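Now for the letters of each chain:
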Amino acid sequence: DRLRDANGFPGGAATAYRQNYRLMAELGVMAGPTKIAVMSSWLSGPDRRGGYTNNINQGSLIDAIGSGATTGPVIVSGDLRYQSATSSNTGVYRPYSYLMVYAYGLGAYMNQDTNNGYVEDAMTYAGRMDYAVAANLNVYGSFFWADRVGNGYGWGYLAPNPTVDGDGRVFGAYRGTRTGAQVPVAVAPNIPDNNLGWEVDAGLDWKLLEGLVVNATFAYWQPGKWFNHACISKLNAGWNNPSTAANWGTIPNRNIDPIFGTEIKVSAEF
């Protein structure tokens, strides 16, 4: 895979080698105006159970980004970014998921150049049914479920950036660490629940005229318990002082509201 710096490819580009496993199966059947498809996939992820855990260097840290002995919290430079052309699988999952994958990258994986999400470190199950109401109108419904497969994230992995005022920006504290001076004294323990949640979508593809098409998606996502431990909550008085006593800034037993999303696109060709 190719990496690029903040100035864009090819300035400062370097070649990196990753060990990454991806398995997928997709089946479909058509009968008259109806098409049904099911898909399942498994994508490997980071594992720090033998790495730097509970402030103890326990040996090698296995990761899709690389492996090696660790002597402290491992930080991935913000100047190194995935290119969507080589690392992304956004288009594979878009027919099944709008919110979980395309909009949120399962909470951890976003293309820096397109800002679209993609799938890594997950076991997924999905299904979709399309029905051609007319020659120019297709309606569909889909279902998507995902679980984490790796053990590379600590409590409080997704944290509000305390240095940014009021814009709600969130950054990923890689493997449960913080960047720079914000690295905690002890590294947070691994997230104990791997469920990322489930999503149902409904949509349509409507060809109004030759060269004029409307695509609409309506989505509902119920986040899983992985996010209870991954997401720091400002309702916790110790959210910006992560420690064992403060549950690393999280509230593990809270209820996370579902997320609704809509995308409507109008495409015209002349």
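Now for a look at the structure at hand.

Scoring rules and cut-offs
Residues numbered from 1 in each chain as written. Predicted model: local features only at pLDDT ≥ 70, side-chain atom pairs only at ≥ 80, totals over all residues. Heavy atoms only, no water. Pairing = 2+ DSSP bridges. Helix = DSSP H or I, 4+ residues; strand = E, 2+ residues; numbered from the N terminus. Axes fitted to C-alpha atoms, helices over the stretch in contact; angles between N-to-C directions. Contact = heavy atoms within 4.5 Å. Salt bridge = Lys/Arg side-chain N within 4 Å of Asp/Glu carboxyl O. Buried < 20%, exposed > 50% of the residue type's maximum accessible area, 1.4 Å probe, protein only. Polar contact = N/O pair within 3.5 Å; in protein donor to acceptor, adjacent residues only side chain to side chain. Phe/Tyr/Trp six-rings, centres within 6.5 Å; stacked < 30°, edge-to-face > 60°. Lys NZ or Arg CZ within 6 Å of the ring centre and 35° of its normal.

**A short note on the sheet that holds strand S4 (residues 34-43)**
Here comes step 1: One open sheet holds the seven strands; their spatial order is S3-S4-S10-S11-S14-S15-S16, and the pairing between them is antiparallel. Both edges of this open sheet fall to strand S3 (22-31) and strand S16 (259-268), since each of them pairs with a single strand only. This sheet shows a mean twist of 10° between the axes of neighbouring strands, independent of strand direction.
Here comes step 2: Across eleven bridges, the pairing between strand S10 (residues 122-134) and strand S11 (residues 137-147) is antiparallel. When the sheet's bridge partners are listed, Met 129 is paired in S11 with Gly 141.

**Describing the environment of Asn 247**
Here comes step 1: By secondary structure assignment, the location of Asn 247 is in the loop between helix H4 (226-230) and S16.
Here comes step 2: Linking Asn 247 and Asn 236, residues eleven residues apart in sequence, is a C-alpha distance of 8.7 Å.
Here comes step 3: Once residues within four sequence positions are removed from consideration, Asn 247 is found in contact with Trp 155, Asn 236 and Pro 252.

**Some details on the pattern of salt bridges**
Here comes step 1: The final tally for this structure, using the stated rule, is five salt bridges.
Here comes step 2: For Asp 130, the salt bridge identified is with Arg 128, shortest N-O distance 2.8 Å. Accessibility assignment for this pair places Asp 130 and Arg 128 in one class, buried.

**Thoughts on the environment of Ile 191**
Here comes step 1: For Ile 191, the position within the fold is in the loop between strand S13 (170-172) and strand S14 (195-209).
Here comes step 2: With relative accessibility at 9%, the residue Ile 191 sits in the buried group.
Here comes step 3: Distance in space between the C-alpha atoms of Ile 191 and Tyr 157 is 9.0 Å, their sequence separation being 34 residues.
Here comes step 4: The residues touching Ile 191, leaving out its near neighbours within four places in the chain, are Tyr 153, Gly 154, Trp 155, Trp 226, His 229 and Ala 230.

**Overview of the environment of Arg 148**
Here comes step 1: Locating Arg 148 in the fold gives a position in the loop between S11 and strand S12 (158-160).
Here comes step 2: Taking the relative accessible area as the measure of exposure, Arg 148 reaches 3% and is therefore buried.
Here comes step 3: Other than its neighbours up to four places away in sequence, Arg 148 contacts Leu 106, Gly 107, Ala 108, Tyr 109, Glu 120, Asp 121, Ala 122, Tyr 153, Asn 194, Leu 196 and Trp 226.
Here comes step 4: A distance of 3.1 Å separates a polar atom in the side chain of Arg 148 from the backbone oxygen of Asp 121.

**Re the packing of aromatic side chains**
Here comes step 1: For the structure on display, the rule yields eight aromatic pairs.
Here comes step 2: When the centroid spacing of 5.6 Å and the interplanar angle of 35° are considered together, the rings of Trp 198 and Tyr 220 count as tilted. Taken together, the positions of Trp 198 in strand S14 and Tyr 220 in strand S15 (residues 212-223) put the pair 22 residues apart, joining distant regions of the chain.
Here comes step 3: A relative accessible area of 26% means that Tyr 220 is categorised as partly exposed.
Here comes step 4: Plain terms: the ring middles of Tyr 220 and Phe 260 are 5.0 Å apart, the flat faces sit at 75° to each other, and that makes the pair edge-to-face. Separated by 40 residues along the polypeptide, Tyr 220 in strand S15 and Phe 260 in strand S16 bring together distant segments of the chain.
Here comes step 5: With a relative accessible area of 61%, Phe 260 lands in the exposed category.
Here comes step 6: The ring of Trp 226 carries Arg 148 above its face, with NZ or CZ at 4.5 Å from the centroid.
Here comes step 7: The ring of Trp 239 carries the charged tip of Lys 234 above its face, separated from the ring centre by 4.9 Å.

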